[in-house]
Amino acid sequence: MTDSVAKTVHHWIGGKSVEGVSGQHGPVTDPATGAVTTRVDFASVDEVDAAVAAAKGAFASWGQSSLAKRTEILFRFRALLDANRDAIAELITAEHGKVHSDALGEVARGLEIVDLACGINVQLKGELSMQVASRVDVSSIRQPLGVVAGITPFNFPAMVPMWMFPIAIACGNTFVLKPSEKDPSAAIKIAELLSEAGLPDGVFNVLHGDKVAVDRLLEHPDVAAISFVGSTPIARHIHRTASANGKRVQALGGAKNHMLVLPDADLDAAADAAVSAAYGSAGERCMAISAVVAVGSIGDELVAKIKERAEKIKIGPGNDPESEMGPLITAAHRDKVASYVKGAAAEGCEVVLDGSDYTVPGFENGHWVGLSLLDRVPTSAKAYQDEIFGPVLCVLRADTYEEGVALMNASPFGNGTAIFTRDGGAARRFQLEIEAGMVGVNVPIPVPVGYHSFGGWKDSLFGDHHIYGNDGTHFYTRGKVVTTRWPDPSDAPAGVDLGFPRNH
């Protein structure tokens, strides 16, 4: 990286842009061209401490502010976010590479959580039990934690942070965001909009960086909770390290999402769903379908339908309105994804479509991988075992429903899953028997709406709480129970009683 890049992305601390002082930077690349267009400051330990200090200082007043004030600001932020959808989507496309319509969809799903946060007063209602004993009332309330932090991935630079901070700050916490250093500009745009909406300085802060910044957040004594979305190995590290430092943790890890297709399914609908869910956003989604399990004799017909549709997908730069799928985030990731396809045949897979050497004319230096389809994939193949995070779809065969479910439940991941069938009984059985946190019935990407919670099972989630919804509110608050007795003026003194208190 040279000094000729047009733009440098700085931190956002205490309500303003703050230029990095560590002297360390990272490159931000346009995935469609391979050119470095931007550099991003990397935070030192001292800069992390400064952001946490700003958040801690802001919490003294923000945590005591009224729900009316918090939600008023969030309503204004929502309006600004809505008005700036295209601008944010353009930043995402320029740095991530996904097509503009997909980036707009990401912003729209983030808006759902802002909607939820605007109505947080309903979720923060306490409980009251009157007269549990003579003149004794008991109430339950929820209070904010303090400074909380979010560490978010490259694949959804706007949506995933919005899974976290709207709920956190609506509950009265202050927030430090460490977005991916690969596409950092959307986070800064969001910070600017929050400031424009009237959010007090220090309530929302953005730090860029690498392991230095992450590790300091995990150990910082003034950070009460960590939210993370990323790969399973990093999620496990985040959970262990932050927990060891006394923090509350929700760490969402990787996935290998399966779609079970029964013999009675509408195969055209199933093929449409498989292509959409496997190749959307170039497969760089934790909810992407990356394995289809075809049950019975439908496998050949289903694969043929998937191949027919996949071959028609238009690949190109994300800012081209005709493009349906863009490039991958980096050249290194492109090479890794391609390696799974190149080695598939040697591991027993039938390579139906090979996109490993795909290029786009005029954009030869972009991070391109074409759509790849592997059939009759053995469970021992790396393409099946690993989270590829690219446009590679594996098809496995099973003779029966029971065999298919057993295969799926043997996976160490349990993020999302789907079944395609016309049989309501089979679908109901699947909901109960499958070991995953999110289930779709004839829905290939079952991302819950904002007022339900998002999260997986097994190696797809570390911690006790899913993200957003009621789980989000509970994660960002802690409960307190207050027992009150107001004696009547005519009561005689109760006297000393060393026995265990009883309700009567």
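Please refer to the structure placed before this passage.
As a starting point, this report considers the structure included with it. (Residues numbered from 1 in each chain as written. Predicted model: local features only at pLDDT ≥ 70, side-chain atom pairs only at ≥ 80, totals over all residues. Heavy atoms only, no water.)

Here we look at the overall build of the protein chain
Right, so step 1: The number of helices and strands found in the protein chain is 16 helices and 23 strands.
Right, so step 2: On C-alpha atoms alone, the protein chain measures out to a radius of gyration of 25 Å, which is about the 23 Å that the 2.2 N^0.38 rule sets for 504 residues.
Right, so step 3: The dimensions of the protein chain, computed from C-alpha atoms along their principal axes, are 85 × 60 × 40 Å.
Right, so step 4: The buried share of the protein chain, taken over its 504 residues, is 54%.
Right, so step 5: Counted over contacts in the protein chain with a minimum sequence separation of 6, partners at least 24 positions apart contribute 73%.
Right, so step 6: For the protein chain, the exposed surface amounts to about 20,900 Å²; the carbon and sulfur share of it is 52%. (Helix = DSSP H or I, 4+ residues; strand = E, 2+ residues; numbered from the N terminus. Rg over C-alpha atoms; globule rule 2.2 N^0.38 Å. Buried < 20%, exposed > 50% of the residue type's maximum accessible area, 1.4 Å probe, protein only. Contact = heavy atoms within 4.5 Å. Areas by Shrake-Rupley, 256 points an atom, 1.4 Å probe, with all protein chains shown as cover.)

A short note on the packing of aromatic side chains
Right, so step 1: Taken as a whole and assessed by the stated rule, the structure comprises 9 aromatic pairs.
Right, so step 2: Taking 6.3 Å as the distance between ring centres and 65 degrees as the angle between the ring planes, the aromatic pair formed by F165 and F175 counts as edge-to-face. Linking F165 in helix α6 (residues 159-170) with F175 in strand β9 (residues 174-178), this pair joins segments that are 10 residues apart in sequence. Assigned by exposure class, F165 and F175 land together as buried.
Right, so step 3: With a centroid separation of 4.8 Å and 50 degrees between ring planes, the pair formed by F165 and F204 is classed as tilted. Of the two residues, F165 sits in helix α6 while F204 sits in strand β10 (residues 204-206), which places them 39 residues apart along the sequence. The same class applies to F165 and to F204, which are both buried.
Right, so step 4: Of the aromatic side chains, those joined through ring pairs into one cluster are F77, F165, F175 and F204. (Phe/Tyr/Trp six-rings, centres within 6.5 Å; stacked < 30°, edge-to-face > 60°.)

A few points about the sheet that holds strand β6 (residues 127-133)
Paired through backbone hydrogen bonds, the strands of a sheet run either parallel or antiparallel to each other.
Right, so step 1: Strand order across the open sheet formed by 3 strands is β6-β7-β23, with antiparallel pairing between neighbours. The sheet is open, and its two edges are formed by β6 and β23 (477-485), each paired on a single side. The sheet shows a mean angle of 25 degrees between the axes of neighbouring strands, taken without regard to direction.
Right, so step 2: Pairing analysis gives 9 bridges linking strand β7 (residues 136-144) to β23, with the strands arranged antiparallel. In the sheet register, V136 faces β23, and the bridge partner there is R485. (Pairing = 2+ DSSP bridges. Axes fitted to C-alpha atoms, helices over the stretch in contact; angles between N-to-C directions.)

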